[in-house]
Amino acid sequence: MASTELESIAATLGKFAFPRKFAVELCAECNLACSMCHHPSMKRPKGTMPFALWQKCADEIAAISPRTECWFSFCGEPLLEPELLLKCLDYGRSVGLKSMNINTNGMLLAPGLDEAILHSGAHLIVFGVDGFSKASFEKYRVKADRDVVYGNVERLLARRDETGSKLAIQVQFITMDDNAHEVGEYKAYWLARNAVVKVRRQLSWGGQFETGLGISNDERIPCPWAVTMMHVFWDGRVPRCPGDTECEEGAGNAWHDSLSNLWAQLGRYRDLHLERKFAELPARCLKCTDWMTGAAERVRPQAEAVPVEPTWQRLNLGAAR
Ligand code: SF4
Ligand code: SF4
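From a predicted model like this one, the values you see are computed outputs, not experimental measurements.

Calculation notes
- Residues numbered from 1 in each chain as written.
- Chains lettered and ligands numbered in written order.
- Predicted model: local features only at pLDDT ≥ 70, side-chain atom pairs only at ≥ 80, totals over all residues.
- Heavy atoms only, no water.
- Helix = DSSP H or I, 4+ residues; strand = E, 2+ residues; numbered from the N terminus.
- Rg over C-alpha atoms; globule rule 2.2 N^0.38 Å.
- Buried < 20%, exposed > 50% of the residue type's maximum accessible area, 1.4 Å probe, protein only.
- Contact = heavy atoms within 4.5 Å.
- Pairing = 2+ DSSP bridges.
- Right-handed = clockwise from strand over helix to strand, strands pointing away.
- Salt bridge = Lys/Arg side-chain N within 4 Å of Asp/Glu carboxyl O.
- Near = heavy atom within 4 Å.
- 1 Å grid on protein atoms, 1.4 Å probe; cavity = no way out; pocket = protein on both sides within 12 Å on 5 of 7 lines; lining within 4 Å.
- Sits in = over half its atoms within 2 Å of the grid points.
- Nonpolar A, V, L, I, M, F, W, Y, C, P; charged D, E, K, R; others polar.
- Core = buried A, V, L, I, M, F, W, Y, C linked by side-chain atoms within 4.5 Å.
- UniProt positions renumbered as here; feature names shortened; annotations may be inferred.
- Axes fitted to C-alpha atoms, helices over the stretch in contact; angles between N-to-C directions.
- Parallel < 35°, antiparallel > 145°, perpendicular 65-115°, else oblique.
- Left-handed = near helix turned anticlockwise from the far one by under 90°.
- Phe/Tyr/Trp six-rings, centres within 6.5 Å; stacked < 30°, edge-to-face > 60°.
- Lys NZ or Arg CZ within 6 Å of the ring centre and 35° of its normal.

1. Focus: the overall build of the protein chain
Right, on to step 1. Assigned secondary structure in the protein chain consists of eleven helices and eleven strands.
Right, on to step 2. Computed over C-alpha atoms, the radius of gyration of the protein chain comes to 19 Å, within 12% of the 20 Å expected from 2.2 N^0.38 for 321 residues, which places it in the range of a compact globule.
Right, on to step 3. The C-alpha extent of the protein chain, read off along each of the three principal axes, is 50 × 45 × 35 Å.
Right, on to step 4. The buried share of the protein chain, taken over its 321 residues, is 58%.

2. Focus on the side chain of Asn179
Right, on to step 1. Tracing the sequence through the fold places Asn179 in the loop between strand E5 (168-174) and helix H7 (183-191).
Right, on to step 2. The residues contacting Asn179, other than those within four sequence positions of it, are Asp130, Gly131, Ser136, Tyr140, Phe173 and Ile174.

3. Remarks on H7
Right, on to step 1. Restricting attention to buried positions, one finds in H7 the residues Val183, Tyr186, Lys187, Tyr189, Trp190 and Leu191.
Right, on to step 2. For H7, the elements touching its buried residues are helix H6 (146-163), E5, strand E6 (196-200) and strand E10 (296-299).

4. Describing unusual backbone geometry
Right, on to step 1. A positive phi angle, close to 75 degrees, is found at Asn194, a residue other than glycine.
Right, on to step 2. Examined against the element boundaries, Asn194 turns out to sit in the loop between H7 and E6.
Right, on to step 3. Look at Asn194 and you get partly exposed, because its relative accessible area is 36%.
Right, on to step 4. The phi angle at Trp205 is positive, at roughly 50 degrees, despite the residue not being glycine.
Right, on to step 5. Tracing the sequence through the fold places Trp205 in the loop between E6 and helix H8 (224-228).
Right, on to step 6. The exposure class assigned to Trp205 is buried, which follows from its relative accessible area of 5%.

5. Some remarks on the environment of Asp218
Right, on to step 1. Along the chain, the position of Asp218 falls in the loop between E6 and H8.
Right, on to step 2. The exposed category is assigned to Asp218, whose relative accessible area is 75%.
Right, on to step 3. Sequence separation of Asp218 and Thr245 is 27 residues, and the distance between their C-alpha atoms is 26 Å.

6. Re the pairing of strand E1 (residues 21-24)
Right, on to step 1. Residue alternation in E1 divides its side chains into two sets, Lys21 and Ala23 and Phe22 and Val24, and both sets are buried.
Right, on to step 2. Bridge count between E1 and strand E2 (residues 69-72): four bridges; the pairing is parallel. Residue pairing in the sheet places Val24 in a bridge with Phe72 of E2.
Right, on to step 3. For the crossover that starts at E1, traverses helix H2 (residues 51-64) and ends in the parallel E2, the hand is right-handed.
Right, on to step 4. The pairing of E1 with strand E7 (residues 229-232) spans four bridges and is parallel. From the neighbouring strand, Lys21 faces E7, where its bridge partner is Met229.

7. Quick word on the pattern of salt bridges
Proximity of charged atoms lets side chains of opposite charge pair with each other.
Right, on to step 1. Overall, the coordinates contain 24 salt bridges when judged by the stated rule.
Right, on to step 2. Each of Lys134, Glu138, Asp145, Arg146 and Asp147 takes part in a single network of salt bridges with overlapping partners.

8. Examining the site of ligand 2
Right, on to step 1. As a matter of local geometry, ligand 2 sits amid Arg220, Cys223, Ala226, Arg240, Cys241, Gly243, His273, Cys285, Cys288 and Asp290.
Right, on to step 2. Put simply, ligand 2 lies in the second largest cavity.
Right, on to step 3. Class assignment for the residues of the shell around ligand 2 results in five nonpolar, two polar and three charged.

9. A few points about the nonpolar core
Right, on to step 1. In this structure, Phe22, Trp54 and Trp190 are the most contacted members of the largest nonpolar core, which totals 94 residues.
Right, on to step 2. Not counting chain neighbours up to four residues away, the residues in contact with Phe22 comprise Trp54, Cys57, Ile61, Thr68, Glu69, Cys70, Trp71, Met229, Met230, Val232 and Leu259.

10. Focus: the UniProt feature "domain: Radical SAM core" (unreviewed entry) in the protein chain
Right, on to step 1. The positions UniProt marks with the feature "domain: Radical SAM core" (unreviewed entry) are residues 29-158.
Right, on to step 2. Helix makes up 41% of residues 29-158 and strand 11%, and the two end C-alpha atoms of the span are 29 Å apart.

11. Examining the packing of H2 against helix H3 (residues 82-95)
Right, on to step 1. Interaxial distance between H2 and H3 falls to 10 Å at its minimum, and their mutual angle equals 25 degrees. One element, H2, and the other, H3, form an angle in the roughly parallel class. Crossing angle aside, the handedness with which H2 passes H3 is right-handed. Contacts between H2 and H3 involve Phe51, Trp54, Gln55, Ala58, Asp59 and Ala62 from the former and Leu84, Lys87, Cys88, Tyr91, Gly92 and Val95 from the latter.

12. Things to note about the packing of aromatic side chains
Right, on to step 1. Taken as a whole and judged by the stated rule, the model has eleven aromatic pairs.
Right, on to step 2. Judged by centre distance (5.6 Å) and plane angle (55 degrees), the ring pair of Tyr150 and Tyr189 falls under tilted. A residue pair is termed long-range when its members are at least 10 positions apart, and Tyr150 in helix H6 and Tyr189 in helix H7 qualify at 39 residues. Neither Tyr150 nor Tyr189 differs from the other in exposure class; each is buried.
Right, on to step 3. Here the aromatic rings of Phe173 and Tyr186 are separated by 4.6 Å at their centres, their planes lie at 65 degrees, and the arrangement is edge-to-face. A residue pair is termed long-range when its members are at least 10 positions apart, and Phe173 in strand E5 and Tyr186 in helix H7 qualify at 13 residues. An identical accessibility class is assigned to Phe173 and Tyr186; each is buried.
Right, on to step 4. An aromatic cluster is built from Phe132, Phe137, Tyr150, Tyr189 and Trp190, whose rings are joined through pairwise contacts.
Right, on to step 5. One cation-aromatic arrangement involves Arg146 over Phe132; the distance from NZ or CZ to the ring centre is 5.3 Å.
Right, on to step 6. The residue whose ring lies beneath Arg270 is Trp263, and the NZ or CZ to ring-centre distance is 3.7 Å.

Quick look at the structure:
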């Protein structure tokens, strides 16, 4: 099963001249300390991306490939900087970006932000909601309150449906040991409220976390993250991949170089992946299991589209968190 599914993802990968997906670390601070995330142990300086840096990136993406999926954020919570987020979305819309997506833990979505988010120009908002019961949710989403997050997402969904906003709203469930048994209940709950449900595997964040995914290295495929996605940290640094969480193997800085050049500099790693020369990859790749996480099950609210068995979609990465 895994091998077929992974090879179907691999079949979608190739030499891309420009990233298909672009993660923008708008803010490297976070209000939570999730147990499966790199953020609580992050050592690099934390800060907020200057608007001018996003403008520079957005201008280049709009000129070269406006359909590139832009994801706010990477390691940090974008709703800690709501005004900046809205300003960045507005700018992205003004230059013609076609896919701008927000990734949030949902705790800070105050009612006063609903209208602004619904009409911000964002195409999709993904909430990290890793549990149905309060116990399992708060075990993983440390410092969050399950009932606050559920209330915020439900309110936004209701408001979206009342106003006719086109914003797509997803709840994302990362399956782990103590929440996997809740997936069925979770799906039913959120589908009834008109959310898209995304179920995905746990990341190892460059090999830092034991994920127990049970997939053999013999089934290894090119890493979809490395081959399709580029990340820019709040200070402009570009890591080799999302597993390079501290930017120890970075390509350079988006303040001083074009995204195209930085993407080209990372091309030698993409070639090693695509040519399946896995033994020649940096040591981090050899312990990282994130190449196994390039698929997610996504279930839509329409009854006829709800599969009985999970359908693992091809290359449905979204953002790392
Ligand atoms: S998963 Fe997101 S919300 Fe949780 S600690 Fe990491 S960055 Fe913060
Ligand atoms: S497998 Fe390698 S390229 Fe992919 S995320 Fe992990 S460290 Fe990065």
